[in-house]
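Here are the chains, one letter per residue:
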Amino acid sequence: MKTKVRVEAHRPRRQLDATRLPTMLGFADSLLRSEGAGLVALDGDFRFTFWNGGMERIAGLSADQVMGRRAIDVFPFLGEQEVHLVRALAGETVAAKRQRFTRAERDGFLDGYFTPFRDEKGNVVGVVCVIHDLTAQKLAEEQLGETERRFQNMADAAPVLLWMSEPDGLCTFFNQSWLDFTGRTLEDEWGVGWAAGIHFEDFQRCMDTYVMAFNARRVFEMEYRLRRHDGEYRWILDRGTPRYTPDGSFAGYIGSCIDITDRKRMEGELRKAVRDRDDFLSIASHELRTPLTTLSLEIQRLKRSLGKRSQGILKSGRLERGAEIAENQINRLIMLVEELLDVSRLASGRLRVEPTVFDLSDLVREVANRLQPSIDAAGCALSVEAPAPAVGSWDWLRVEQVIANLVSNALKYGPGKPIEMSVTRETECACLRVKDYGIGIAPQDQRRIFHRFERAVPMSHYRGFGLGLWIAREIVVAHGGSIDVDSELGRGSTFIVRLPLRAA
Ligand code: ADP
């Protein structure tokens with residue numbers, strides 16, 4: 001009520017008969033009492049002539065404190081020529097909406113209705129005001145605004161994507177994280193715009209889930225792919241919950257989403273690991289059973305042969321051949337069990353390398369000699385070329401295992417074909433090459449065969465765990481070296497192992 005207008009000329013000087021007021025305004029006061037509204041009357045000099053209980057509460061002043069005093073003296077902020085009072089005194093009925101007024105402790109807000117007060121001849125002799133205190137309502141509105149601002153801030157700072165829909169199902173809110181994720185504006189996402197980002201394969205399922213839950217006012221959870229700002233579709237877990245107003249009526253849904261792409265990938269990897277383990281166990285039990293069966297058959301045969309020997313009808317060399325077969329099968333079993341033990345050692349990080357100084361060429365020749373019976377059995381011819389010593393500090397037994405594995409593979413995948421081994425010295429490492437003329441390996445398989453359980457041949461044709469090259473690589477890497485393959489399908493393979501000459 002601070003604006004002032006000079007309308008002095010219109011102000012009548014007639015005075016109100018104060019004794020009539022209580023009777024005249026008492027009725028109005030009783031009508032207004034239930035609303036807690038203020039009712040005041042002022043005379044032509046703007047002195048208070050009526051001041052009801054409602055006004056006492058609103059202004060915090062009793063009737064005794066204000067009656068007969070001028071409005072400007074009681075409320076200095078009004079000024080001499082308060083526009084609404086002046087206009088009402090000039091005969092106008094005026095509404096003053098949401099006026100700020102100052103009270104002792106803080107500002108308040110009120111609606112005021114100013115009406116001219118006339119005597120029986122119709123002359124304006126004063127002003128009657130009805131005052132509604134809006135302070136509490138305004139405060140509540142401000143608090144609501146503050147709560148909304150706080151929610152917006154929290155929502156924008158949240159690491160999850162948030163959305164909100166209205167009772168008609170249309171989305172009207174997306175937090176900053178959502179907009180940053182999709183790289184779209186609030187206008188783009190508004191209503192059903194957000195659905196444009198959902199992968200077409202997931203779209204219908206999502207819509208069905210949302211609509212069904214929405215109609216039943218149920219909490220829902222769904223997974224779908226949502227296009228990120230860079231065009232990549234990411235898996236999202238979206239959980240929607242119905243919202244209700246304080247009076248219990250349905251207000252729409254609020255949903256929070258998290259990116260579960262990495263979790264899903266890990267789940268996939270975990271599932272694959274479990275599948276691999278199960279496959280491995282069945283292959284392992286099969287692989288272990290094969291030499292055991294051969295061994296038990298051979299022992300039965302040997303027993304029969306012993307019987308024949310006592311009868312003097314045993315063919316010469318039969319016992320020796322039987323013992324050799326049994327020994328081969330036992331060696332095979334030992335190798336398989338060793339391979340299995342290595343898997344558990346590697347998985348638990350217990351593969352230890354114990355280096356001693358030796359010449360790699362010596363070790364290669366020794367392995368070639370040891371494997372000669374198997375080489376002969378496979379009908380292969382093995383040559384070793386090691387023109388100069390290649391001395392380094394490595395784990396003899398582990399490197400022996402790598403070489404034996406590569407030669408065994410050359411025999412398995414290239415029976416009847418030559419195998420060439422060579423040892424050379426390079427600047428900083430010793431280099432071993434194992435070359436065969438067997439089935440070869442397709443380019444797309446050449447990397448993965450060094451991984452656990454990876455094989456590039458069918459089990460029905462070639463037995464094996466798919467572990468040998470993985471173990472070989474782990475051993476070589478533990479020495480600070482490397483293992484590679486150079487191969488062409490149908491033409492053979494060359495495995496190249498490099499071991500550093502200086503201790504790793
Ligand atoms: P396994 O021989 O028991 O399957 P490895 O880890 O030794 O396991 O080998 C993995 C795969 O690599 C084999 O299954 C085979 O497909 C391929 N491979 C290994 N060595 C050779 C080779 N010399 N020639 C052709 N393929 C080979």
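Use the structure listed above.
About the criteria used
- Residues numbered from 1 in each chain as written.
- Predicted model: local features only at pLDDT ≥ 70, side-chain atom pairs only at ≥ 80, totals over all residues.
- Heavy atoms only, no water.
- Helix = DSSP H or I, 4+ residues; strand = E, 2+ residues; numbered from the N terminus.
- Rg over C-alpha atoms; globule rule 2.2 N^0.38 Å.
- Buried < 20%, exposed > 50% of the residue type's maximum accessible area, 1.4 Å probe, protein only.
- Contact = heavy atoms within 4.5 Å.
- Areas by Shrake-Rupley, 256 points an atom, 1.4 Å probe, with all protein chains shown as cover.
- Lys, Arg positive; Asp, Glu negative; His and termini not counted.
- Charge placed at Lys NZ, Arg CZ, Asp CG, Glu CD.
- Near = heavy atom within 4 Å.
- Polar contact = N/O pair within 3.5 Å; in protein donor to acceptor, adjacent residues only side chain to side chain.
- Pairing = 2+ DSSP bridges.
- Axes fitted to C-alpha atoms, helices over the stretch in contact; angles between N-to-C directions.

*Asks:* Sorry if this is basic, but what is going on with the overall build of the protein chain here?
*Replies:* Secondary structure summary: the protein chain contains 15 helices and 17 strands in total. Here the C-alpha radius of gyration of the protein chain, 48 Å, is well above what a compact globule of 504 residues would show, namely 23 Å. In terms of principal-axis extent, the alpha carbons of the protein chain reach across some 155 × 55 × 40 Å. Looking at the protein chain residue by residue over its 504 residues, the buried ones come to 43%. Contacts in the protein chain between residues at least 24 apart in sequence constitute 56% of all its contacts with a sequence separation of at least 6. On the protein chain, roughly 27900 Å² of surface is accessible, and the fraction owed to carbon and sulfur atoms is 54%. Side-chain charges of the protein chain comprise 70 positive and 71 negative groups, with the mean position of each set lying 4 Å from the other.

*Asks:* Is there a simple way to explain the site of the ligand in this structure?
*Replies:* Taken together, 21 residues lie near the ligand, and N409, Y413, R455, A456 and L469 sit nearest. Contact between the ligand and R455: an oxygen atom at 2.4 Å from a side-chain N or O atom of the residue. Within the backbone of G466, one N or O atom sits 3.2 Å away from an oxygen atom of the ligand. In the complex, the protein chains occlude 98% of the 530 Å² of accessible area that the ligand would expose alone. The set of elements that each furnish at least two residues to the shell around the ligand consists of helix 14 (396–413), helix 15 (468–478) and strand 17 (492–500). For the shell around the ligand, the element with the most residues is helix 14, which contributes four residues.

*Asks:* Is there a simple way to think about the sheet that holds strand 5 (residues 124–133) in this case?
*Replies:* For sheets, the rule is that strands pair by backbone hydrogen bonds, running either parallel or antiparallel. Strand order in this open sheet of five strands is 2-1-5-4-3, and the pairing throughout is antiparallel. The strands lining the two open edges of the sheet, one partner per strand, are strand 2 (48–51) and strand 3 (94–102). When the angles between neighbouring strand axes are averaged without regard to direction, this sheet yields 25°. Pairing of strand 3 with strand 4 (residues 107–118), which is carried by seven bridges, proceeds in the antiparallel orientation. Note that in strand 4 the partner of A96 across the bridge is G112.

*Asks:* Got a minute to help me understand the pairing of strand 13 (residues 391–394) in this structure?
*Replies:* Two faces, one strand: in a regular strand the side chains alternate between the faces of the sheet. The side-chain alternation of strand 13 yields one buried face, formed by G392 and W394, and one unburied face, formed by V391 and S393. Bridge analysis of strand 11 (residues 356–359) against strand 13 gives four bridges, and the strand direction is antiparallel. The partner of T356 across the bridge, within strand 13, is W394.

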